[in-house]
Amino acid sequence: MNDAQPYRGRFAPSPTGPLHFGSLVAALGSYLDARHHHGSWLVRMEDLDPPREIPGAADQILHTLEAFGLEWDEPVQYQSRRSACYEAALAQLQQSGHLYDCACTRKEIADGQTGSSSNPVYPGTCRNGLPPGRTARAMRVQVYDRTIGFQDVLQGAISQQLNRDVGDFVLRRADGLYAYQLAVVVDDAAQRITHVVRGSDLLDSTPRQIHLQQLLGHPEPAYLHLPVAVNAQQEKLGKQTFAPAIPEQRKTASLVQALRFLNQPLPILTAAIDLPDLLTWAIAHWDRSALPVQRTRTAPTGFQREATVP
Ligand code: GLU
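Note that the coordinates shown come from a computational prediction; the quantities given were computed from them, not determined experimentally.

Of regular secondary structure, the protein chain possesses 9 helices and 12 strands. Expressed along its principal axes, the backbone C-alpha trace of the protein chain runs to roughly 70 × 55 × 35 Å. For the protein chain, buried positions account for 51% of its 310 residues. On the protein chain, the mean spot of the 29 positive side-chain charges and the mean spot of the 31 negative ones are 4 Å from each other.

A separate point is the side chain of H98. Within the secondary structure layout, H98 lies in the loop between α3 (83-95) and β4 (99-102). A polar contact is formed between the side chain of H98 and the side chain of Y144, at a distance of 2.7 Å. Sequence-distant contacts of H98, that is, excluding residues within four places in its chain, are made with L93, R140, V141, Q142, Y144 and L215.

The next thing to look at is the pairing of strand β2 (residues 40-45). Counting buried positions along β2 yields 5 of 6 residues, so the element is predominantly enclosed. Bridge count for strand β1 (residues 8-11) against β2 is 4 bridges, and the pairing is parallel. Bridged to R10 within β2 is L42. Regarding the hand of the β-α-β motif, the stretch spanning β1, helix α1 (residues 21-36) and β2 is right-handed. In this structure, β2 lies alongside strand β3 (residues 77-78), joined through 2 bridges in parallel fashion. Along β3, the bridge assignment pairs M45 with Y78.

Let us look at the site of the ligand. In the region of the ligand, the neighbouring residues are R10, A12, P13, S14, E46, Y180, V184, R198 and L202. Within the contact set of the ligand, a nitrogen atom lies 2.7 Å away from a backbone nitrogen or oxygen of A12. Here Y180 contributes a side-chain N or O atom positioned 2.8 Å from an oxygen atom of the ligand. About the coverage of the ligand: the protein hides 80% of its 300 Å² of free accessible area.

Calculation notes
Residues numbered from 1 in each chain as written. Predicted model: local features only at pLDDT ≥ 70, side-chain atom pairs only at ≥ 80, totals over all residues. Heavy atoms only, no water. Helix = DSSP H or I, 4+ residues; strand = E, 2+ residues; numbered from the N terminus. Buried < 20%, exposed > 50% of the residue type's maximum accessible area, 1.4 Å probe, protein only. Lys, Arg positive; Asp, Glu negative; His and termini not counted. Charge placed at Lys NZ, Arg CZ, Asp CG, Glu CD. Polar contact = N/O pair within 3.5 Å; in protein donor to acceptor, adjacent residues only side chain to side chain. Contact = heavy atoms within 4.5 Å. Pairing = 2+ DSSP bridges. Right-handed = clockwise from strand over helix to strand, strands pointing away. Near = heavy atom within 4 Å. Areas by Shrake-Rupley, 256 points an atom, 1.4 Å probe, with all protein chains shown as cover.

Limitation: the analysis is restricted to geometry and does not speak to function.
Spelled out as structure tokens, the structure:
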């Protein structure tokens, strides 16, 4: 898979806050895998969702990557500037008859479910046209009665039957914003990404992305889903869980912790090594076969939410 093409990897953060331990792990994993394979490594800012973003976070993330020596090739791509490309993909799907307008509200979809689920399966209400008197809110892509499978480099064989597990999914949201699933597929193809190395929280999104790649005629990259850093409550580190920013002063120690998290070999005298040398060492010794297979791992305590003072 993809071995004939030059390796092109990427890190695609959403600027919802500063880089925390979980995003450092994703950045480092994709960087080391790319550099170990003599590949290019790109950074794409997934700034598609202004209500969730923090002003200044994009620059802060780039600054931290640079401070760690995680240098990217090619200019950073900003999704906020690529609406025309997403529109073109929607038009292509519309023309080929896979896209439709949907009038349903979240509440209507949730109310129609038998079981309780935070991600209800869309029942296809608007698939054959809007019900009388209703106006279009979102745009959905059709899924079909077939299994979509792929071989994750780390997690092994993964498959989903989208019509049973997800349903037709949103590509343009009711608030007019483009959905992550659409933008990521358009941009991975536009940037000719051959290898996607990212957190396992996105494993469930991958079959939807492969479905879109197939409909749009894009190649399927290789996927490697790393363990996601969680706190003691098993919650993913992030803005919602108040994950602290990576401390600027302790970069070498943070890098060692991230390498340990990924179960990578370490030089014998880590205390005596400086940051650039450690990174060079880590590129040379990157070992996919040592990566932990579990989908979540607890982050070192210092990188979780600081204890609140009573
Ligand atoms: N922007 C997504 C995130 O920060 C990652 C997208 C991806 O790697 O495909 O969770």
